[in-house]
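# Descriptive analysis of the structure
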Amino acid sequence: MVVTPDDAIQPSEDHPVCCESFDWHAAVHDHWCLVRQHHLLDDRQLIGETRRR
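In this report, we go over the structure that sits alongside the text. Sequence positions are assigned chain by chain, starting from 1 and proceeding in written order. Where totals are concerned, whole chains, interfaces and linings use all residues; where local detail is concerned, this predicted model gives features only for residues with pLDDT of at least 70, and gives and counts side-chain atom pairs only at 80 or more. Values reported for side chains reflect all heavy atoms of the structure, with hydrogen atoms and water molecules removed beforehand.

## Here we look at helix H2 (residues 24-41)
Every α-helix carries 3.6 residues per turn, so stepping three or four residues along brings you back to the same face. Here H2 contains 18 residues, and its C-alpha end-to-end distance of 26 Å stays within 8% of the 26 Å for a straight helix at 1.5 Å per residue. Directly beyond the C-terminal end of H2, a positive phi value near 50° is found at Asp42. Each helix is a run of DSSP H or I of at least 4 residues and each strand a run of E of at least 2, with the numbering of both proceeding from the N terminus. Take the residue count of a helix, subtract one, and multiply by 1.5 Å to get its expected span.

Here it is in structure tokens:
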């Protein structure tokens, strides 16, 4: 239960595997959107940047 602002946990702290997504479901959508973008654009710089994260 969040009573004060200090009680709030950021999603990235609570579920680090989800990166900046709100929950795992959104993280899955984000992942596949990036995969599709890489495939469509063949953007080498974006691929390298994504892998570093």
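What follows continues from the structure just given.
## Things to note about a nonpolar patch on the surface
In this scheme, patches are assembled from residues that exceed 30% relative accessible area and form no salt bridge. Like charges are connected within 9 Å, while nonpolar side chains (Val, Leu, Ile, Met, Phe, Trp, Tyr) are connected within 5 Å. Methods summary: accessible areas were calculated by the Shrake-Rupley approach with a probe of 1.4 Å, and residue burial reflects only the protein chains presented. Salt-bridge detection follows one rule: a side-chain nitrogen of Lys or Arg within 4 Å of a carboxyl oxygen of Asp or Glu. A contiguous nonpolar patch, built from Trp24, Val28, Trp32 and Val35 and spanning about 450 Å² of accessible area, is present on the exposed surface. Among the secondary structure elements, Trp32 is positioned in helix H2.

## Examining the environment of Leu46
Checked against the element boundaries, Leu46 lands in helix H3 (residues 44-52). For Leu46 and Leu34, which are 12 residues apart along the polypeptide, the C-alpha to C-alpha distance reads 9.1 Å. Contacts are assigned to residue pairs that have any heavy atoms within 4.5 Å of one another. Beyond its immediate sequence surroundings of up to four residues, Leu46 is in contact with Gln37 and His38.

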